[in-house]
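Observations on the three-dimensional arrangement
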Amino acid sequence: MPSASDTTSRGGMLTKGIGLLVLAAAVLAFPSLAPDPFILSVGVVIMSYAVLATSWNFVGGFTGYISLGHASYSGLGAYGTALLVIHTGINPWVAMILGGLGVAVLAVPIGIASLRVRGASFVIVSIAMVLILLLVFQSWGEVTGGSNGLRVPRPFDESVLRPEQHERFFYLHAALLAVALLVWWAIDRSRFGTGLKAIREDEDKAQSLGVPTFNYKLTAFVVSAFFTALGGGMYALWFGFLDPIFQFSILVGSYMVLMSLLGGIRSLLGPFLGAVIVGYAVEFFKNQYGDTQFHLVAMGLLLGIVVLFMPDGIIPAVSQLIDRFRPQAASIREVSAGELAEQRRTASGPGASATADPGADDESTDRLSEGVQR
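Everything in this summary refers to the structure shown in the same document. Residue positions are counted from 1 within each chain, in the order its sequence is given. pLDDT decides what is reported in this predicted model: residues at 70 or higher carry local features, side-chain atom pairs at 80 or more are listed and counted, and totals for whole chains, interfaces and linings draw on all residues regardless. Side-chain numbers here rest on the full set of heavy atoms in the structure, without hydrogens or water.

This next bit is on the overall build of the chain. Helical segments are the DSSP runs of H or I of at least four residues, strand segments are the runs of E of at least two, and each set is numbered from the N terminus. The helix and strand inventory of the chain stands at 18 helices and two strands. Accessibility here uses a 1.4 Å probe with only protein chains present; expressed as a share of the type maximum, an area under 20% marks a residue as buried, one over 50% as exposed, and anything in between as partly exposed. Scored against the burial criterion, the 374 residues of the chain give a buried share of 43%. We call two residues in contact when some of their heavy atoms are within 4.5 Å. At a minimum sequence separation of 6, the contacts of the chain that also span at least 24 residues come to 79%. Shrake-Rupley sampling with a 1.4 Å probe provides the accessible areas, and residues are treated as covered by the protein chains on show and by no other component. By element, 65% of the accessible surface of the chain is carried by carbon and sulfur atoms, the whole surface being about 19600 Å².

Laid out in structure tokens, this is it:
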């Protein structure tokens with residue numbers, strides 16, 4: 001007979017499954033429901049943000065290390081993809097994957113150096129990294145285009161109009177996001193993920209218990225850099241133009257942190273939810289207020305509200321609210337009178353059931369069963 005806790009668990013899994021199917025259907029239906037190409041392009045931007053935020057969450061969500069310089073890896077992925085396409089003429093999608101792998105290789109020595117420090121020191125190192133790359137790519141004009149920017153060949157021929165390109169890139173970003181989410185989900189349920197979460201809670205204690213903390217952190221860091229670079233490469237192929245000031249901006253890394261914190265860094269879909277809110281808000285303020293910096297003020301206020309009132313993010317806050325109204329599972333498993341009688345006969349020994357008064361046994365069993373059910 002299934003217990004109340006088992007029934008509640010199955011109901012929760014069923015609800016989550018239905019929710020994921022509804023979300024997937026909504027994402028797939030968005031391009032056909034978008035009223036105009038501008039709204040569709042906003043959808044592509046939001047999906048790009050979702051890929052970057054989910055990629056950042058491999059480090060921030062699992063280990064608790066807050067990196068404000070993850071734009072380093074999205075920028076390197078974007079420029080790596082563009083330069084491979086321009087100078088070698090290989091397939092753009094192969095170039096994107098090679099760019100991501102190249103960034104992952106570069107992330108190994110960077111991670112070895114930066115992950116030896118924690119807290120504010122790690123944040124400062126991540127910021128220094130993105131500022132160094134900004135200066136390098138601005139100064140190396142003969143290769144990167146410098147401040148004049150770099151034009152990236154489009155992966156589709158001229159017969160594919162811009163609205164159709166938006167639609168294709170929306171689905172491509174959604175596919176990349178699905179892969180990143182699947183990898184995050186697999187790590188979250190693995191022994192490796194358990195070790196990473198132990199590092200997040202108390203790194204020193206995790207190390208004392210035998211967790212290879214540095215190797216685990218480095219692996220998560222490299223995986224995060226790889227997916228971030230893929231997101232940057234896909235953005236380069238979609239947008240068609242790269243500027244070092246934007247690609248290596250601390251603001252982009254701050255958006256990744258804000259989106260993940262807003263949705264919930266410890267949940268699978270938290271960064272995606274944060275990307276939808278932040279991405280739409282950024283595009284709305286830019287469209288309404290032009291070149292003003294009002295969107296930066298709005299994002300700062302949003303970050304302050306999240307830190308003060310929802311430090312764990314929207315999804316955990318909503319889950320806790322739902323749990324308050326959900327019926328609590330019984331702490332003692334409900335059993336029948338027959339099961340209780342069998343347990344008593346087993347505990348009393350082989351001869352106890354033959355000498356015991358059946359009527360008294362049934363009466364006491366009924367009273368005990370009634371007490372457990374209460």
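Two rings from Phe, Tyr or Trp (for Trp, the six-membered ring) form a pair when their centres sit within 6.5 Å of each other. Planes less than 30 degrees apart are called stacked, planes more than 60 degrees apart edge-to-face, and all others tilted. A full pass over the atoms with the stated rule returns 21 aromatic pairs. Between phenylalanine 170 and tyrosine 171, the aromatic rings sit 5.9 Å apart at their centres with planes inclined by 80 degrees, giving edge-to-face as the arrangement. When the ring of phenylalanine 226 is compared with that of phenylalanine 227, the centres are 5.4 Å apart and the planes differ by 70 degrees; the resulting orientation is edge-to-face. Residue classification places phenylalanine 227 among the buried positions, given a relative accessible area of 6%. Three or more aromatic residues joined by ring pairs form one cluster here, namely Tyr235, Trp238, Phe239 and Phe246. As a reminder, the over-ring test applies to NZ of lysine and CZ of arginine, requiring each to be within 6 Å of the ring centre and within 35 degrees of the ring normal. Note that arginine 116 overlies the ring of phenylalanine 214, its terminal NZ or CZ placed 4.9 Å from the centroid.

A separate point is the pattern of salt bridges. By convention in these notes, a salt bridge is any Lys or Arg side-chain nitrogen within 4 Å of a carboxyl oxygen on Asp or Glu. By the definition in use, this model includes eight salt bridges. Among the ionic pairs, aspartate 188 bridges to arginine 189, the shortest N-O distance being 3.1 Å. For the salt bridge of glutamate 203 with lysine 217, the shortest nitrogen-to-oxygen distance reads 2.8 Å. Remark: lysine 217 occurs in helix 10 (residues 213-239) and glutamate 203 occurs in helix 9 (residues 203-208); sequence separation between them is 14 residues. With a relative accessible area of 5%, lysine 217 lands in the buried category. Ionic contacts of the salt-bridge type, sharing partners, join the residues Arg118, Glu203, Asp204 and Lys217 into one network.

Along an α-helix, a turn takes 3.6 residues, which lines up residues three or four apart on a common side. A helix is expected to span 1.5 Å for every residue after the first. For helix 2 (residues 37-63), built from 27 residues, the straight-helix expectation of 39 Å at 1.5 Å per residue is met to within 8% by its first-to-last C-alpha distance of 39 Å. Fitting one axis to the seven residues ending at a residue and another to the seven starting there, the bend at that residue is the angle between the two axes. Of all the bends found along helix 2, the most pronounced is centred on asparagine 57 and spans about 45 degrees. The buried count for helix 2 comes to 24 of 27 residues, which makes it a mostly enclosed element. Any pair of nitrogen or oxygen atoms within 3.5 Å is treated as a polar contact; in protein, a donor-acceptor pairing is required on top of that, and neighbouring residues in sequence qualify only through side-chain atoms on both sides. Where helix 2 begins, one side-chain oxygen reaches toward the backbone nitrogen of phenylalanine 38, 3.0 Å away; that side chain belongs to aspartate 36. Immediately downstream of helix 2, the backbone of glycine 64 shows phi near 85 degrees, a positive value.

Examined against the element boundaries, aspartate 188 turns out to sit in helix 7 (residues 162-188). Those residues in contact with aspartate 188 that sit more than four places away from it in its chain are Phe62 and Lys197.

Two elements in contact, helix 13 (residues 270-289) and helix 14 (residues 294-309), have axes whose closest approach is 9 Å; the angle formed by their N-to-C orientations is 150 degrees. Looking at the two axes, helix 13 sits roughly antiparallel to helix 14. With respect to the hand of their crossing, helix 13 and helix 14 are arranged in right-handed fashion. Of the residues in helix 14, those in contact with Val278, Ala281, Val282, Phe285, Lys286 and Tyr289 of helix 13 are Phe294, His295, Ala298, Met299 and Leu302. Following the grouping adopted for this structure description, the nonpolar residues are Ala, Val, Leu, Ile, Met, Phe, Trp, Tyr, Cys and Pro, the charged ones are Asp, Glu, Lys and Arg, and the polar ones are all others, Gly among them. Of the residues assigned to the contact of helix 13 with helix 14, the class counts are nine nonpolar, one polar and one charged. Between the N-to-C directions of two axes lies an angle of 0 to 180 degrees, each axis being a line fitted to C-alpha atoms and, for a helix, fitted only over the stretch in contact. Orientation categories follow fixed angle ranges, with anything under 35 degrees roughly parallel, anything over 145 roughly antiparallel, 65 to 115 roughly perpendicular, and all other angles oblique. Crossing handedness is defined as follows: a turn of the near helix away from the far one that is anticlockwise and smaller than a right angle gives a left-handed crossing, while the clockwise case is right-handed.

Closest axis-to-axis distance for the helix 7/helix 10 pair is 10 Å, and the angle between their directions is 175 degrees. The orientation of helix 7 with respect to helix 10, classified from their angle, is roughly antiparallel. Contacts between helix 7 and helix 10 pair Arg162, His166, Phe169, Leu172, His173, Leu176, Val179, Ala180 and Val183 from the former with Phe227, Leu230, Gly231, Met234, Tyr235, Leu237, Trp238 and Phe239 from the latter. Of the residues assigned to the contact of helix 7 with helix 10, the class counts are 13 nonpolar, three polar and one charged.

To continue, consider the nonpolar core. Take the buried Ala, Val, Leu, Ile, Met, Phe, Trp, Tyr and Cys residues and link them wherever side-chain atoms come within 4.5 Å; each set so joined is a nonpolar core. Membership of the largest hydrophobic core comes to 84 residues, with the highest contact counts inside it found for Phe221, Leu242, Phe248, Val278 and Met299. The element contributing the most residues to this core is helix 10, with 14 residues.

A separate point is helix 10. Its 27 residues place the ends of helix 10 39 Å apart at the C-alpha level, agreeing with the 39 Å of an ideal helix rising 1.5 Å per residue. Burial within helix 10 is extensive, with 21 of its 27 residues counted as buried. Just past helix 10, the residue glycine 240 takes up positive phi, approximately 85 degrees.

With that out of the way, let us pick up the environment of isoleucine 245. Its location among the elements puts isoleucine 245 in helix 11 (residues 244-247). Judged by relative accessible area, isoleucine 245 falls into the partly exposed class, the value being 49%. Between the C-alpha atom of isoleucine 245 and that of serine 147, which follows or precedes it by 98 residues, the distance is 7.7 Å. Sequence-distant contacts of isoleucine 245, defined by excluding residues within four places in its chain, comprise Leu134 and Gln138.

Let us look at a nonpolar patch on the surface. On the surface, Val94, Ile97, Leu98 and Leu101 cluster together into a nonpolar patch covering about 330 Å² of accessible area. Structurally, the position occupied by leucine 101 is in helix 4 (residues 92-114). According to the relative accessible area criterion, leucine 101 is partly exposed, its value standing at 43%. Patch members must show over 30% relative accessible area and no salt bridge, and they are joined within 9 Å when carrying like charges or within 5 Å when they are nonpolar side chains of Val, Leu, Ile, Met, Phe, Trp or Tyr.

As a further point, take the layout of surface pockets. The space that makes up the largest pocket amounts to roughly 1600 Å³. The way it works is a 1 Å grid over only the protein atoms, where trapped points that fit a 1.4 Å probe form a cavity and open points with protein on both sides within 12 Å along at least five of seven lines form a pocket, and then any residue with an atom within 4 Å of a point lines it. In terms of lining, the largest pocket is formed by 40 residues, of which the most central are Lys16, Leu20, Leu268, Leu269 and Ile315. Of all the secondary structure elements, the ones that give two or more residues to the lining of the largest pocket are helix 1 (4-33), helix 2, helix 7, helix 8 (191-201), helix 13 and helix 15 (314-325). Ranked by the residues each element gives to the lining of the largest pocket, the list is headed by helix 1, at 14 residues. Taken together, the residues of the lining of the largest pocket sort by class into 24 nonpolar, eight polar and eight charged. Considered as a void within the structure, the second largest pocket measures approximately 570 Å³ in volume. Together, 26 residues line the second largest pocket, and Tyr49, Tyr235, Phe246, Val252 and Lys286 are the ones closest to its centre. Of all elements in the fold, only helix 2, helix 10, strand 2 (241-242), helix 11, helix 12 (250-263) and helix 13 reach the threshold of two or more residues within the lining of the second largest pocket. When residues of the lining of the second largest pocket are assigned to their parent elements, the largest contribution, seven residues, is made by helix 2. When grouped by side-chain class, the residues that make up the lining of the second largest pocket number 15 nonpolar, eight polar and three charged. Grid points are joined across faces, edges and corners, and a volume is the space filled by probe spheres set on the points.

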